[in-house]
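# Observations on chain architecture
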Amino acid sequence: LSNQGVKIIAVNLDSKKERADQFLVKYPARFTVIFNPESDLARAYNVQGMPHSFILDAQGKVLYQHIGFKQNEADQLRKKIEYFLHHADTVAAAL
């Protein structure tokens, strides 16, 4: 979806960067990972659980959020992303 303007960013909240790096060696990410042990972003977006996923518009407005993840939900989340790609302006205006 990156060719459609989608950017995925993960925020790692581990208190020790070494643990985060070890995790990424074992499970390499194909997206940007930000290390934020101070949890500034988690507080700013009122994260309630992990993982906590957000779909934001180009201005940073939250259009959708989802807590948790199960592999069988991947297709549903992809469809949500595709929906918001095509309807972000309409949804953002309604919020």
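Below is a summary of the structure that appears in this document. None of the values given here were measured: they were computed from a predicted structure.

As a rule of thumb, non-glycine residues mostly have phi less than zero, and peptide bonds are mostly trans rather than cis. Although it is not a glycine, Ser 39 adopts a positive phi angle of roughly 65°. Inspection of the secondary structure puts Ser 39 in the loop between strand E2 (32-35) and helix H2 (40-44). Backbone geometry at Asn 46 places phi at a positive 55°, although glycine is not the residue there. With respect to the helices, strands and loops of the structure, Asn 46 is situated in the loop between H2 and strand E3 (52-56).

Turning our eyes to something else, we now look at the layout of surface pockets. Roughly 2200 Å³ of volume is contained in the largest pocket. Ile 8, Ile 9, Ala 10, Ser 53 and Phe 54 are the residues nearest the centre of the largest pocket, which is lined by 49 residues in total. Mapped by element, the contributors of at least two residues to the lining of the largest pocket are strand E1 (9-12), helix H1 (17-26), E2, H2, E3, strand E4 (62-67) and helix H3 (74-94). Looking at the lining of the largest pocket, its residues break down into 34 nonpolar, eight polar and seven charged.

The next point concerns the pattern of salt bridges. This structure, assessed with the given rule, holds four salt bridges. For the salt bridge of Arg 19 with Asp 14, the shortest nitrogen-to-oxygen distance reads 3.6 Å. In this structure, Arg 43 engages Asp 40 in a salt bridge whose closest nitrogen and oxygen atoms are separated by 3.0 Å. Here the residue Arg 43 and the residue Asp 40 both occupy positions in helix H2, the gap between them amounting to three residues, near one helical turn. Judged by relative accessible area, which is 43%, Asp 40 ranks as partly exposed.

Before going further, it helps to spend a moment on the nonpolar core. Grouped together as the largest cluster of nonpolar side chains are six residues: Ile 55, Leu 63, Tyr 64, Leu 77, Phe 84 and Ala 88. Breaking this core down by element, the ones donating at least two residues are E4 and H3. Element by element, the count of residues in this core is highest for H3, at three residues. Contact partners of Leu 77, with chain neighbours within four places excluded, come to Tyr 64, His 66 and Phe 69.

Turning to the environment of Ser 15, a few remarks are in order. Looking at where Ser 15 falls in the secondary structure, it is placed in the loop between E1 and H1. For Ser 15 and Glu 38, which are 23 residues apart along the polypeptide, the C-alpha to C-alpha distance reads 7.8 Å.

Reading the values: the criteria
- Along each chain, the written sequence defines residue order, and numbers are assigned to residues from 1.
- It should be noted that, the model being predicted, local features are given only for residues of pLDDT at least 70 and side-chain atom pairs only at 80 or more, the latter also being counted only at that level, while totals for whole chains, interfaces and linings use all residues.
- With hydrogens and water stripped out, all remaining heavy atoms of the structure feed into the side-chain values.
- Helix and strand definitions here come from DSSP, where helices need a minimum of 4 consecutive H or I residues and strands a minimum of 2 consecutive E residues; each element is numbered from the N-terminal end.
- The method works on a 1 Å grid over the protein atoms by themselves. A cavity is a set of points holding a 1.4 Å probe that cannot get out, a pocket is an open set with protein on both sides within 12 Å along at least five of seven lines, and residues with an atom within 4 Å of a point line them.
- Grid points are joined across faces, edges and corners, and a volume is the space filled by probe spheres set on the points.
- In this count, Pro and Cys sit with the nonpolar residues alongside Ala, Val, Leu, Ile, Met, Phe, Trp and Tyr, while Asp, Glu, Lys and Arg are called charged and the others, Gly among them, polar.
- We define a salt bridge as a side-chain nitrogen of Lys or Arg found within 4 Å of a carboxyl oxygen belonging to Asp or Glu.
- Exposure is judged per residue with a 1.4 Å probe applied to protein chains only, and the accessible area is read against the type maximum: over 50% gives exposed, under 20% gives buried, and values in between give partly exposed.
- What makes a nonpolar core is a set of buried Ala, Val, Leu, Ile, Met, Phe, Trp, Tyr and Cys residues whose side-chain atoms join them at distances within 4.5 Å.
- Contacts are assigned to residue pairs with any non-hydrogen atoms lying within 4.5 Å of each other.

Note that all results are geometric; they support no functional claim without further evidence.
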